[in-house]
Amino acid sequence: MTFGQRLRHLRRTRGMTLADLGERVGRAPSQLSLLENGKREPKLSLLTALAKSLGVSVEDLLSRQPPSRRAQLEIAVEEAQRDPVYRSLALPHLKIGKRVPNDVLEHIVGLYEELKRRSAKPTATPEEARRANADLRRQMRERGNYFEAIEKAAQETLDAIGYRGGALSQGQILAIVTHHGFTLRYVQDLPRSVRSVTDTRNRRLYLKRESLGMHSPRTILLQTLGHFVLGHAQPRDFADFLRQRVEANYFAAAVLIPESTAVPYLQEAKAARDLSVEDLRDVYSVSYEMAAHRFTNLATRHLDLVCHFIRNDETGIIYKAYENDGLIFPTDDTGAIEGQRMCRYWSGRQVFASPDRYSIYHQYTDKPNGTHWCVAHVDPSRERNFAITLGVPYKESRWFRGRETTHRTKSECPTGECCVRPPADLAARWEGNVWPSARAHSHVLAALPPGTFPGVDETDVYTFLERHAVE
Ligand SMILES: [Zn+2]
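A brief report on the enclosed structure follows.

Scoring rules and cut-offs
Residues numbered from 1 in each chain as written. Predicted model: local features only at pLDDT ≥ 70, side-chain atom pairs only at ≥ 80, totals over all residues. Heavy atoms only, no water. Helix = DSSP H or I, 4+ residues; strand = E, 2+ residues; numbered from the N terminus. Buried < 20%, exposed > 50% of the residue type's maximum accessible area, 1.4 Å probe, protein only. Contact = heavy atoms within 4.5 Å. Areas by Shrake-Rupley, 256 points an atom, 1.4 Å probe, with all protein chains shown as cover. Donors = N, O, S within 2.8 Å, 3.2 Å for Na, K, Ca; no water. Tetrahedral: all angles 85-135°; square planar, octahedral: opposite > 155°, others 65-115°. Pairing = 2+ DSSP bridges. Axes fitted to C-alpha atoms, helices over the stretch in contact; angles between N-to-C directions. 1 Å grid on protein atoms, 1.4 Å probe; cavity = no way out; pocket = protein on both sides within 12 Å on 5 of 7 lines; lining within 4 Å. Points joined across faces, edges and corners; volume = space filled by probe spheres on them. Nonpolar A, V, L, I, M, F, W, Y, C, P; charged D, E, K, R; others polar. Phe/Tyr/Trp six-rings, centres within 6.5 Å; stacked < 30°, edge-to-face > 60°. Lys NZ or Arg CZ within 6 Å of the ring centre and 35° of its normal. Salt bridge = Lys/Arg side-chain N within 4 Å of Asp/Glu carboxyl O. Expected span 1.5 Å × (residues − 1).

1. Here we look at the overall build of the protein
- When helices and strands are tallied, the protein shows 20 helices and nine strands.
- For the protein, the spread of C-alpha atoms along the three principal axes comes to 100 × 70 × 40 Å.
- Counting only residues that meet the buried cut, the protein has 47% of its 471 residues in that class.
- Put simply, of all contacts in the protein between residues at least 6 apart along the chain, 61% involve residues at least 24 apart.
- Surface summary for the protein: the accessible area is close to 25,000 Å², and the carbon and sulfur share equals 51%.

2. What about the coordination of the zinc ion?
- Donor atoms from the polypeptide that bind the zinc ion are Cys343 (SG), Cys413 (SG), Cys418 (SG) and Cys419 (SG), placed at 2.2 to 2.3 Å.
- Geometry at the zinc ion is tetrahedral, judged from the four donor atoms that bind it and their angles of 96 to 118 degrees at the metal.
- Ordering the donors of the zinc ion by residue number gives the pattern C-x69-C-x4-C-C.
- Cys413 gets classed as buried once you look at its relative accessible area, which sits at 11%.

3. Focus on the sheet that holds strand β5 (residues 318-323)
- If you trace the six strands from one edge of the open sheet to the other, you get β5-β4-β8-β7-β6-β9, paired in mixed fashion. Of all strands in the sheet, those bounded by a partner on one side alone are β5 and β9 (408-410). The average angle at which neighbouring strand axes cross in this sheet is 25 degrees, direction not considered.
- Relative to strand β8 (residues 386-393), strand β7 (residues 370-378) runs antiparallel, the two sharing seven bridges. Note that in β8 the partner of Val378 across the bridge is Ala387.

4. Structural notes on the layout of surface pockets
- The computed volume of the second largest pocket comes to approximately 470 Å³.
- As for the second largest pocket, its lining consists of 19 residues, and the residues nearest its centre are Arg8, Asn37, Glu78, Lys95 and Ile96.
- Put simply, the parts of the chain that give the lining of the second largest pocket at least two residues each are α1 (2-13), α3 (29-36) and α6 (69-82).
- Taken together, the residues of the lining of the second largest pocket break down into three nonpolar, six polar and 10 charged.

5. Here's the deal with the sheet that holds strand β2 (residues 197-199)
- As summarised here, the arrangement of the three strands in space is β1-β3-β2, forming an open sheet in which the pairing is mixed. What marks the edges here is a single partner per strand, and that holds for β1 (183-186) and β2. Taken pair by pair, the neighbouring strands of this sheet meet at an average axis angle of 25 degrees, ignoring direction.
- Two elements, β1 and strand β3 (residues 204-207), share four bridges in a ladder whose sense is parallel. Paired with Thr183 across the two strands is Arg204, which belongs to β3.
- Where helix α12 (residues 217-229) meets the sheet, its contacts fall on β1, β2 and β3, and the angle it forms with β3 comes to roughly 145 degrees.

6. Digging into the packing of aromatic side chains
- Here the structure, examined in full by the defined rule, presents nine aromatic pairs.
- The residue whose ring lies beneath Arg143 is Phe147, and the NZ or CZ to ring-centre distance is 4.3 Å.

7. Describing the environment of Ile96
- Within the secondary structure, Ile96 is located in the loop between α7 (84-87) and α8 (102-119).
- The exposure class assigned to Ile96 is buried, which follows from its relative accessible area of 13%.
- C-alpha separation for the pair Ile96 and Leu46, spaced 50 residues apart in sequence, amounts to 26 Å.
- Other than its neighbours up to four places away in sequence, Ile96 contacts Arg70, Glu74, Val77, Glu78 and Leu105.

8. A few points about the pattern of salt bridges
- All told, the structure shown has 25 salt bridges when counted by the stated rule.
- A salt bridge links Glu396 to Lys395, with the nearest nitrogen and oxygen atoms 2.9 Å apart.
- The network of salt bridges with common partners includes Arg8, Arg11, Glu36, Arg70 and Glu74.

9. What about the side chain of Thr261?
- Within the secondary structure, Thr261 is located in helix α14 (residues 259-271).
- With near-sequence residues (within four places) excluded, Thr261 lies in contact with Tyr163, Arg164, Gly165 and Tyr284.

10. So, unusual backbone geometry
- The omega torsion across Cys413 and Pro414 is 15 degrees, close enough to zero to call that bond cis.
- Topologically, Pro414 is positioned in the loop between β9 and α18 (416-420).
- You will see that Arg273, though not glycine, has its phi angle at about 55 degrees, which is positive.
- Checked against the element boundaries, Arg273 lands in the loop between α14 and α15 (277-284).
- Residue Asp304 is not a glycine yet carries a positive backbone phi of 60 degrees.
- Among the structural elements, Asp304 can be located in the loop between α16 (288-303) and β4 (308-313).

11. Comments concerning α14
- For α14, which comprises 13 residues, the first-to-last C-alpha distance of 18 Å matches the rise-based estimate of 18 Å (1.5 Å per residue) to within 8%.
- Along α14, the residues that are buried comprise Glu259, Thr261, Ala262, Val263, Leu266, Ala269 and Lys270.
- Contacts made by the buried residues of α14 are with α10 (148-160), α13 (238-256), α15 and α16.
- Positive phi appears at Arg273, one or two residues downstream of α14, with a value of about 55 degrees.

Here it is, written out as C-alpha cells:
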C-alpha cells in the first residue's frame, strides 16, 4: 500500500502521467496503475527503472515512511474503508481522485476514528473495571460517602408524596412512581440479563414481583427510578456506567431510609450508646446490607464517625468495600479491592466460623495500624451467603451495641506472615506436591460483555419490549 502511494506521489510531483512514466520504463500505463493501487508487487528490474526515471534511489522508493500528509490520508481512508465497522455503514466505495481536497480526507479519517472508538465502548476489561471501581471508591471516601445532591433529590421525592416517618409502604412507593410520571407493570418474562426494563417512550417500568438476588422488588424499582430522577444519560463508558449505578442505588437507599428521619433516630441511639445496624434494618424494613451501607452514608456527615463496610463471600473474596477509617484492604496493582481475598482473622470471615453464623457477630481485630471493632452478619434471607461487615476504629466502639464482646483476633495482613502465605512447616511438607483445580470466579469479577449497558442482552430486551408494547 505505502509503496503504491509513494510511487503515485513521486510521479505526480514530477508532473508525469501514467503514460509518461510508462513510456520511460517500457510498461503499459495499466500495469503501473496496478502498482500504484497496491495490486501488484514490482520486480527488482522494474523498481530500478522506476527509481531512475523518477530521480530517486531504490531505497527511497521502498521507504515505509509515507511520503506526505496527503499520501497518509489516502492510505488512512483506504484502510478505513476496509474496516468491517466502516463497511457496516453500507456506503459506496469512495475513490480518492486528486480533486478530493485534503480537508475532506481529514474529516473522513476523523469521523472514522470516532466511529471506531464508539463502536468499541463501553467494553470493560477486568482491569478497566477494577480501575473504575478504585477511582469511584476514592471519590466516595473524599466525601465521606455522602452525596448531597442525591439526598436532596430523595427528600424532594419524599416531600412530594407527603412522607412523615418510618418504613415506606407499598402505596407510598407507588405514589413515588406516579409522581415521576411512570406506570408500573409486573411481568414474568423479564429478560434474564436485567433487573428491570424501562420503556422511556411510554414511561413504563417493567419488573418482577420476586426478589432478584440481593434486591427486593421495591429496591429495584427505586434504583430504576433513580436513573431518571437523577437525569442519567446513556453511559459514555464503563466508569460512567458504574457511577450511575452507584448513584441510582444511593437514591433508592436514601428514599427507603430517609435522611430526615434516620439521622435523628441514629443520633439518639448514639447518645444512648446503642447504635446498631439491625435496628436500622428493622425500623425501615430494608435488607441488612442496605442498612449497613446506608449507615456509611450518614455516619461521617451526621454522627461524626469514620467507618468501613465490606461484603465478602464465604471464601473471603471481597465483592464490595468502602472505608474512611484507615482500614487497609488487600489490593491488586491497579488499586482494586474487588476480587481480593481478605484476612482470615477479620470478622467477615470469622462470622462464617462462629457457632451460629446467622446471628449478629461482634469482634475486635488488632491490625498493624490499630484496632477495629466490627459487627458482621450473614443475612439468612439471601440465596447466597455473603457476610456484611460494618466496622469502626476502637475508640468509637463505645457508641455501639455489642462493644462488650470478648471475641478478639490479631491480623498482620497484608504482610505474608499472617495468613497470605501458608505456615512454614506445612509448606515444607506439601510444596510442589499438590495440584489444586481452581473454581471459576464469579462473573462480577470477570470481563463484562460489551454493549451500551454492559452485560445486558439488547436483543432480549427489545424483544421483550415488542411483546409488551402492544398490550
Ligand atoms: Zn491475615
